[in-house]
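Coordinate inspection notes
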Amino acid sequence: MQPGDLSQVLAVQAQAYHDLMHESEATLASRLTLSPSTCWVAVDTDADAADAPVAGYLFTHPWRIAAPPPLDTVLDTLPDTPDCWYVHDMALAPRTRGAGVASRLYAAALASAQSLGLRVSALVAVQQSQGFWARFGYAVTTDLSPLMTAKLAGYGDGAVFMTRDL
């Protein structure tokens, strides 16, 4: 992903999330700035998509498993001692669903994350996406601290915390 992709990333976000607050360009740009090697876009090479080639995106970064960042929060720095690969957001343009784009995005970012030496990954699943993330090896974590439960509430109804070993 490059900074010039962000306007198209925001367009994909708007298509993908109907009931959830959309994150600002500044929020997403902060993740890209802090961890460019773990943020990816899928480019649609179809001639009809020439004016909007970004077909999907994946924002990830090193983080602390016990404290996922609140939704729509600009990050100033990464933790000095990250203990997980945090999957912040993946979204696909409707035209790409079912074409394997999510698997390819995730595989590219996973290879990059594994090079960081992290042993676990975490994410917050929204919009009943637990089944989607389970296909990538994530499982719902139910033994949550009160702080984590409060953070999940900021992600909307039904948000769940999920983890997997890398």
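What counts as what
- Residues numbered from 1 in each chain as written.
- Predicted model: local features only at pLDDT ≥ 70, side-chain atom pairs only at ≥ 80, totals over all residues.
- Heavy atoms only, no water.
- Axes fitted to C-alpha atoms, helices over the stretch in contact; angles between N-to-C directions.
- Helix = DSSP H or I, 4+ residues; strand = E, 2+ residues; numbered from the N terminus.
- Parallel < 35°, antiparallel > 145°, perpendicular 65-115°, else oblique.
- Left-handed = near helix turned anticlockwise from the far one by under 90°.
- Contact = heavy atoms within 4.5 Å.
- Nonpolar A, V, L, I, M, F, W, Y, C, P; charged D, E, K, R; others polar.
- Pairing = 2+ DSSP bridges.
- Expected span 1.5 Å × (residues − 1).
- Buried < 20%, exposed > 50% of the residue type's maximum accessible area, 1.4 Å probe, protein only.
- Arc of directions from axis to C-beta.

Looking at the packing of helix α1 (residues 6-16) against helix α2 (residues 25-34)
Contact geometry of α1 with α2 gives a least axis separation of 11 Å together with a crossing angle of 120°. The pairing of α1 with α2 is recorded here as oblique in orientation. In this structure, α1 meets α2 at a crossing whose hand is right-handed. Seen from α1, the contacting residues are Leu 6, Val 9, Leu 10 and Gln 13; seen from α2, they are Glu 25, Leu 28 and Ala 29. Of the residues contributing to the contact of α1 with α2, the split by class is five nonpolar, one polar and one charged.

Let's talk about the sheet that holds strand β1 (residues 39-43)
Strands belonging to one sheet form pairs held by backbone hydrogen bonds; the direction of such a pair is parallel or antiparallel. The strand order across the open sheet formed by six strands is β1-β2-β3-β4-β6-β5, and the pairing between neighbours is mixed. The open sheet has two edge strands with one neighbour each: β1 and β5 (139-140). Judged from the five bridges that link them, β1 and strand β2 (residues 54-63) form a sheet pairing that is antiparallel. Bridge pairing links Val 43 to Val 54 in β2.

Quick word on helix α3 (residues 101-114)
An ideal rise of 1.5 Å per residue puts 20 Å on 14 residues; α3 measures up with 20 Å between its terminal C-alpha atoms. Among all positions of α3, only Val 101, Ala 102, Leu 105, Tyr 106, Ala 109, Leu 110, Ser 112 and Ala 113 are buried. Buried residues in α3, looked at end-on, bunch into an arc of 160°, giving them a common side. For α3, the secondary structure elements touched by its buried residues are β1, β2, β3 (84-92), α4 (130-134) and β6 (160-165).

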